[in-house]
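Geometric and topological summary
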Amino acid sequence: MSFELLGIYVHRVYFFFESGIIFYVFVINIIYLFLVAMGFFALRKYHAQFSPADRDSIRRSPLTPAISLIVPSYNEEVSVRESVGCMLRLDYPNYEVIVVNDGSKDRTMEILVEEFRLFKSARSVSGPLETKPVRKVYESVDPVRLLVIDKQNGGKADSINAGINAARSPLVMVVDSDSLIDRDGLFEMVKPFLEDPDRMIAVGGTVRPVNDCVVESGMVREVRTSKSLLANFQAVEYLRAFFGGRVGFSLFNCMLIISGAFGLFRRDAVIEVGGFQHSTIGEDMELVVRMHYYFLSRKRDYRIAYVAAPVCWTEVPMSWKILHRQRKRWQRGTVDSIWMHREMILNPKFGIVGMFSVPYFLIFEMFGPAVEVLGYLLTTVGLLFGIIAMPIAVLFFTVSIGLGILLSTSSVLLEELTPSRYPKWHHSPTLFAAAILENFGFRQVLTVWRAQGLWEGLRGKQAVWGAMVRTGFAGAKPAAK
Amino acid sequence: MKVREMFQSVRAWDFGRMVVLLQSAALISSLIVPSWALHTYHFSKSLPGPISVALSFLAVIIAMVVAQLYVSCVLKYRTTVRERRANRAKTQITHLLAEYLSGETRTAALSLAYRERRDDFAACATQALLVVKGDSRARMRGLIREIGLYSYWIEGLAKRDEAQRKRSVDLLGLLESQDCQPIFERALAQDPSPFVQAAAIRALLRFSGATCRQNLLDAIEERPFLVRLFAAAETGGYPAIETAQQPPPAAVSEQLLLFDRALRENDRQTAFQMLDQLIAEGDARLAAISAEALGAWIAAPLRGEAVAA
């Protein structure tokens, strides 16, 4: 009799948890879909580009703000030539490129010296942000605006801070050294600063995978879908993250992430909040959250925006091992950023950021993977032991996978509203296939990895960057004959 | 005034955000409502509750994904076809415009082209306005008024869409006509968008007299930064005022047109001659642009690309 009673209790508790998880997954997917829908309308409404006449005016105007591109570089011998070359060919009237060699152990520094004919510079690179000692400073012989700082290894945040110290411009852009920027990307990135120069403190752009695109002279000449399913899965993921989430959050000035690969910041604001944080591996997100914290707690008016048009093309991991490390690292970044600024959670003093953004990231981005993994486990175990009925399991998988597919395909459709889109009609079926297939295995694997990242973050385990195997852009895809 | 400003800011930003929220809610309800209807009126009659809900969602999701795929393919295909057609049409319209500007009567053909492909015509007319000067410019202005493009641009000023209003101001600015001065002044004073204001001040500074320029620049401190930035571009150094720019001689515009035509007709010899004359005329900027175009035109077949004039 008592066993029967226990069985009934187990069933009830199990059903309660399972229903809770189904409800959670349904809500998270509906919120994602809502953000994608907002992205659809906001992209149409707020993301008009500059006309050629406007660009001409910006080129000629003495009031156009200068930009310092900061390129932290560590063991990037394969791609640094192409990416720095690309950055020196950007179409913008007033900018400089500052490459910070973070004690690379490979030939990064030699390649930079040879390729760009560098000589030792007397330029002072000291500034308000503390960094590891700078060994040497180089400048280019050619009349290009290139400065290379060779410093002791101190991590990405340390390198960026060294670059910010050396920068002479009011705006600083942080770009990964394995990335290529659209030639006219700076015009679009600077647009929010021209519209609202007093309040705008940071702007994020779009990042897309460059794998299998045609790259010529450091420029993406033809956008193509990759032959690798793994790269296409990531292409869909990037579309979902940028056009879905960030457009919606940006509309309400509560965006918490600006990608470390492509972000433009007001230099004085970054220095005022203390620069990039060394102690976290997600320094990009942490800086943005800290900026919200700093400005809101002082009741200062500010804006952090996202612009969809400018694209930074980056090489995405083609191996599962590296992808595993990257995703764990990203999750650790989220955990660190939210934990460091936990005071903001549901704190009305921080407005919509405290009442919506940070709780959203806490509940759905930080703990989401754990709940989803729990859902898969409970459902599978429940089915095996006959604790839950088949209809409930079917409902869980429909809500989880079905809505996930709709979310991904909607993001692919959103891409039609932006420039630099995949041009050929047959790209659509490829991307849609990736958007559907990623929900059968790939997403679940990522969820498990993210849950691992969450677990490591909660345990306070030391995070490591790990090495990314680069193939480089030059040999990746020659231009079609 | 404050109430009006408040209303303008609400209309431009907060109201806009609310609209986006409502639109998004409507879009999401297009997923939820049909699923609920399918569950309530169809599947629940023969299936257990959870299966019915799951099937309803699945049916709607499949329908939406198929629709999205169709829309995505069609949009890409249509864009490709439109671009191809637009390129063809623009070539024809440019030829017609070149003939018209060289003195031939092509008004009927141009009117027809305008009626059939208004946007392509507007793009070609804009290109022509950017390069031609002197008599050719006057002729171009007359044509734009005669066929109705001027009225089309004026209509654009009243649109709710900021980008459309700005484009109208930009294009009217290219006419450099004194008649448009009140239009630009109104846009500068009344339009809530800094982009439209910036386009208006650019247009005003390009053709207005020294006194007007001085008045504009005196009052510019109160304007948004973007407006000041565009004004500085026109004056070559804010807040200094330069003397009005002299338009290039009419001969240059004729050479440019002939150069353009020579490229289109694969007449390399004439293209080189015109380039020589452009350099001789001393307009370094135009000569550089033309030389670049000629270089690209010569290099294209060597790279195996189609020749694009």
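Here is a short report on the structure shown in this document.

Scoring rules and cut-offs
- Residues numbered from 1 in each chain as written.
- Chains lettered and ligands numbered in written order.
- Predicted model: local features only at pLDDT ≥ 70, side-chain atom pairs only at ≥ 80, totals over all residues.
- Heavy atoms only, no water.
- Helix = DSSP H or I, 4+ residues; strand = E, 2+ residues; numbered from the N terminus.
- Rg over C-alpha atoms; globule rule 2.2 N^0.38 Å.
- Buried < 20%, exposed > 50% of the residue type's maximum accessible area, 1.4 Å probe, protein only.
- Contact = heavy atoms within 4.5 Å.
- Lys, Arg positive; Asp, Glu negative; His and termini not counted.
- Charge placed at Lys NZ, Arg CZ, Asp CG, Glu CD.
- 1 Å grid on protein atoms, 1.4 Å probe; cavity = no way out; pocket = protein on both sides within 12 Å on 5 of 7 lines; lining within 4 Å.
- Points joined across faces, edges and corners; volume = space filled by probe spheres on them.
- Nonpolar A, V, L, I, M, F, W, Y, C, P; charged D, E, K, R; others polar.
- Polar contact = N/O pair within 3.5 Å; in protein donor to acceptor, adjacent residues only side chain to side chain.
- Pairing = 2+ DSSP bridges.
- Axes fitted to C-alpha atoms, helices over the stretch in contact; angles between N-to-C directions.

**Overview of the overall build of chain A**
- The helix and strand tally for chain A stands at 15 helices and 12 strands.
- Rg of the C-alpha trace for chain A: 23 Å, near the compact-globule value of 23 Å for 481 residues, within the 12% margin.
- Each principal axis of the C-alpha atoms in chain A carries an extent, and together these give about 90 × 55 × 45 Å.
- A buried classification covers 61% of the 481 residues belonging to chain A.
- At a minimum sequence separation of 6, the contacts of chain A that also span at least 24 residues come to 80%.
- Distance between charge centroids for chain A: 1 Å, based on 53 positive and 46 negative side chains.

**What to know about empty space enclosed by the protein**
Residue and element names in this part refer to chain A.
- Scanning the model with the defined rule gives 2 cavities of 30 Å³ or more in all.
- Taken together, P209, N211, R224, T225, S226, A231, N232, A235 and Y422 make up the full set of residues lining the largest cavity.
- The biggest single contributor to the lining of the largest cavity is helix 7 (residues 229–251), with 3 residues.
- Of the residues assigned to the lining of the largest cavity, the class counts are 4 nonpolar, 4 polar and 1 charged.

**Regarding the side chain of D178(A)**
Residues and elements named next belong to chain A.
- Structurally, the position occupied by D178 is in the loop between strand 6 (171–175) and strand 7 (179–181).
- For D178, a relative accessible area of 5% gives the class buried.
- Separated by 3.5 Å, the side chains of D178 and S179 make a polar contact.

**Points about the sheet that holds strand 12 (residues 303–314) of chain A**
Residue and element names in this part refer to chain A.
- Taken together, 10 strands build an open sheet; the order of strands is 3-4-5-2-1-6-11-8-12-7 and the sheet is mixed. Each of the sheet's edge strands pairs with one partner strand only, and the pair in question is strand 3 (118–120) and strand 7. Across the sheet, the mean angle from the axis of one strand to that of its neighbour is 30°, orientation sign disregarded.
- One ladder, built from 5 bridges, connects strand 6 with strand 11 (residues 262–266); its direction is antiparallel. Paired with V174 across the bridge in strand 11 is G263.
- In the packing of helix 7 onto the sheet, the strands contacted are strand 8 (200–209) and strand 12, and the crossing angle to strand 8 comes to about 160°.

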